[in-house]
Amino acid sequence: EVLKGIEPVQKRPGMYTDTTNPNHLVQELIDNSVDEAISGYCNEIIITFHADNKISVEDDGSGMPVDTHPKHKVPGVEVIMTNLHSGAKFSEKNYKYSGGLHGVGVSVVNALSESLDLKIIRDGDNKEYSMSFANGTISRKLSSRKKTIEKKHGTLVSFNANPKYFDSIDLNIKDILSLIKAKSILQPRLKLTVIDEKYGAGVVEFFHDGNLQDYLIEATKDEYIPKKTYYGKIDLDVYAMEWSTIWLSEISEPLQESYVNLIPTSLGGTHVNSFRSAMVDAMRDFCSRRNLLPKNLKLSPEDIWKNASYIISFKMSNPQFSGQTKGKLQSNNISSSLTSQLKDKFEIWLNKHSETGDLIAAIAIKNAQNRVASSNLESKKNTNRSILLPSRLSDCTLKDINITELFLVEGDSAGGSAKQARDRSCQAILPLRGKILNTWELSSEKIIESKEVKD
């Protein structure tokens, strides 16, 4: 069976969206409008939740293409709405940074909607175009009329989610509002207006002209350091990153948010892992230089990370996500470069703010001491268990499984090299058997002569 067009989405909706509610469908449309803003085409987005369950997203971007596609011989908007993996964001020609990477988002919205209506105005065109769909198929072909409004360009998408694909068609309005607020902060001077006729939020406007420092401070109610946050930027040809970080004096519920091209990455990924690794390495070096660590105490990533509140905005061309919901960035090719850049930035900041660095180190050391005490208590409970370690194992000196690592290497030769390079305190090496003769590589004559094989 060969599924065509948007049939795969209707057959397996869970592969393309979160079927708990239509939140992700709304996010896909907002992301498309935000992509217009990132590229400088859009200044305002209006999101409306109608009383009859219809949802509308309108922007003043460049407008969906309405001219005839040279290959498919139908309007460009029809190709976009009825085919997966179609769009203008596969190259960097028009959009350097964008969230619409798979050419799937708006076609998924169309596939999972009972009805969907489009209104499009293109720059320099005195016409307003409209088109309608029902259950993913065209119900009214693209038509045009003379423009009756002053608006120069933009797109309006209105849809009713199909209840058969979702557990509930009611949105989680709190999450949507939180997402929209974050978009306004991550993209300064972009105005986002929510008109809520169903859930009781009324009319809410979001407009932000500051930076991530303001957002993080506003969202934090507990005591924290530093007062102006650890804030920084990286801007290269391949990627750009902006971040703001604070450390809470006491562990409560730190705010930890990350975004890639303004899309929330709730599961983190490459950008968060690099940020975390860089922070840990820089802090370890800082503590070592200033002799802050008690004897035999080693900082783990969680010791430094546990009290940290942060917001990370990462932008890159052609990012690789773990799936269509884009919860995790998996662009591992930039990991080493990004970690190195971030470590240098944090080291410079720590050296310039050594007093604050000492306070952050004190929080991390306190966490490490509590972790060790807890680990020792746990090990006392397990003293009756006898553990027989392999004779080939070169063990490490620390016993805390939160920071110790085991490296499996092939053969004693690789084992010797690994032992020379390891950190003896927390890295154990176990050489496995080296070159093993595979009996299937023997010639047929030798196999016949072998009694074991004969038997």
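Everything discussed here concerns the structure shown above.
Thresholds, definitions, all that
Position labels on residues start from 1 in each chain and follow its written sequence. Confidence filtering applies because this is a predicted model: local features only for residues at pLDDT of at least 70, side-chain atom pairs given and counted only at 80 or more, and all residues used for totals across whole chains, interfaces and linings. By convention in this description, side-chain values take in all heavy atoms of the structure and omit both hydrogens and water. Whenever Lys or Arg places a side-chain nitrogen within 4 Å of a carboxyl oxygen from Asp or Glu, that contact is recorded as a salt bridge. Counting from the N terminus, the helices are DSSP H or I runs at least four residues long and the strands are E runs at least two residues long. To sort residues, take the accessible area from a 1.4 Å probe on protein chains only and compare it with the maximum for the residue type: under 20% means buried, over 50% means exposed, and anything in between is partly exposed. Disulfides are defined as pairs of cysteine sulfur atoms found within 2.5 Å of each other. Following DSSP output, two strands are said to pair if at least two bridges run between them. Between two residues, a contact is recorded if the distance between any of their heavy atoms is within 4.5 Å. Note on definitions: angles span 0 to 180 degrees between N-to-C directions of axes, and those axes are lines fitted to C-alpha atoms, for helices only across the stretch in contact. Note on terminology: angles under 35 degrees are roughly parallel, angles over 145 are roughly antiparallel, angles of 65 to 115 are roughly perpendicular, and the others are oblique. Put simply, a crossing is left-handed when the front helix is turned counterclockwise from the back one by less than a right angle, and right-handed when it is turned clockwise. Under the scheme applied here, ten amino acids are nonpolar (Ala, Val, Leu, Ile, Met, Phe, Trp, Tyr, Cys and Pro), four are charged (Asp, Glu, Lys and Arg), and all others, including Gly, are polar. Throughout this description, the term nonpolar core refers to a set of buried Ala, Val, Leu, Ile, Met, Phe, Trp, Tyr and Cys residues connected via side-chain atoms within 4.5 Å.

### Re the pattern of salt bridges
1) Next: Per the counting criterion, the structure on display carries 14 salt bridges.
2) Next: Close ionic contact of Arg189 with Asp209 constitutes a salt bridge, the shortest N to O distance being 2.9 Å. With Arg189 in the loop between helix H5 (173-186) and strand S7 (191-196) and Asp209 in the loop between strand S8 (202-206) and helix H6 (212-219), the pair connects residues that are 20 residues apart, well separated along the chain.
3) Next: For Arg189, a relative accessible area of 54% corresponds to the exposed category.
4) Next: Asp303 is the salt-bridge partner of Arg371, the closest N and O atoms lying 2.6 Å from each other. In this pair, Arg371 sits in helix H10 (residues 354-381) while Asp303 sits in helix H8 (residues 301-305), placing the two residues 68 residues apart along the sequence.
5) Next: Taking the relative accessible area as the measure of exposure, Asp303 reaches 2% and is therefore buried.

### Description of the state of the cysteines
Chemically, a disulfide is nothing more than a covalent bond linking the sulfur atoms of two cysteines.
1) Next: Enumeration according to the criterion identifies 0 disulfides in this entry.
2) Next: Not engaged in a disulfide, the cysteine Cys396 finds its nearest cysteine sulfur in Cys426; these two sulfurs lie 6.9 Å apart.
3) Next: Since its relative accessible area comes to 4%, Cys426 is described here as buried.

### Observations concerning the pairing of S8
1) Next: Pairing analysis gives 5 bridges linking S7 to S8, with the strands arranged antiparallel. Bridged to Ile195 within S8 is Val203.
2) Next: Counted between consecutive antiparallel strands, the loop separating S7 from S8 contains 5 residues, among which Gly200 sits at a positive phi close to 95 degrees.

### Comments concerning the environment of Tyr239
1) Next: Considering the arrangement of structural elements, one finds Tyr239 in strand S10 (residues 239-248).
2) Next: What makes Tyr239 buried here is its relative accessible area of 3%.
3) Next: The sequence separation of Tyr239 and Lys315 amounts to 76 residues, and the corresponding C-alpha distance is 5.6 Å.

### Some remarks on the side chain of Asn160
1) Next: With respect to the secondary-structure elements, Asn160 resides in strand S6 (residues 154-161).
2) Next: Once residues lying within four places of it in the same chain are set aside, the contact partners of Asn160 are Asp52, Asn53, Lys54, Ser113, Glu114 and Ser115.

### Topic: the pairing of strand S1 (residues 44-49)
1) Next: Bridge count for S1 against S7 is 6 bridges, and the pairing is parallel. The residue of S7 that forms the bridge with Thr48 is Ile195.
2) Next: Hairpin connection from S1 to strand S2 (residues 55-59): 5 residues lie between these consecutive antiparallel strands, with Asn53 at a positive phi of about 75 degrees.

### Comments concerning the packing of helix H2 (residues 23-38) against H5
1) Next: In the contact formed by H2 and H5, the axes pass within 11 Å of each other and the chain directions differ by 15 degrees. Taken together, H2 and H5 sit at an angle that is classed as roughly parallel. Between H2 and H5 the crossing geometry is right-handed. Where H2 approaches H5, its residues Asn23, Val26, Gln27, Ile30, Asp31 and Val34 are matched on the opposing element by Asp175, Ile176, Leu179, Ile180 and Lys183.
2) Next: Classifying every residue of the contact of H2 with H5 gives 6 nonpolar, 2 polar and 3 charged.

### Here's the deal with the nonpolar core
Inside soluble globular proteins, nonpolar side chains tend to come together where they are buried.
1) Next: By size, the foremost hydrophobic cluster in this structure holds 54 residues, and its most contacted members are Phe49, Met81, Leu118 and Phe159.
2) Next: Ranked by the residues each element gives to this core, the list is headed by H2, at 7 residues.
3) Next: Of all hydrophobic cores here, the second largest spans 40 residues; its members include Tyr230, Cys287, Leu297 and Trp349.

### Brief notes about the sheet that holds strand S3 (residues 113-121)
1) Next: The 8 strands lie next to each other as S5-S4-S3-S6-S2-S1-S7-S8, forming an open sheet whose pairing is mixed. Of all the strands in the sheet, the pair left with one neighbour each is strand S5 (137-146) and S8. Within this sheet the neighbouring strands show an average axis-to-axis angle of 10 degrees, counted without direction.
2) Next: Contacts from H5 reach S1, S7 and S8, with the element oriented near 160 degrees to S7.

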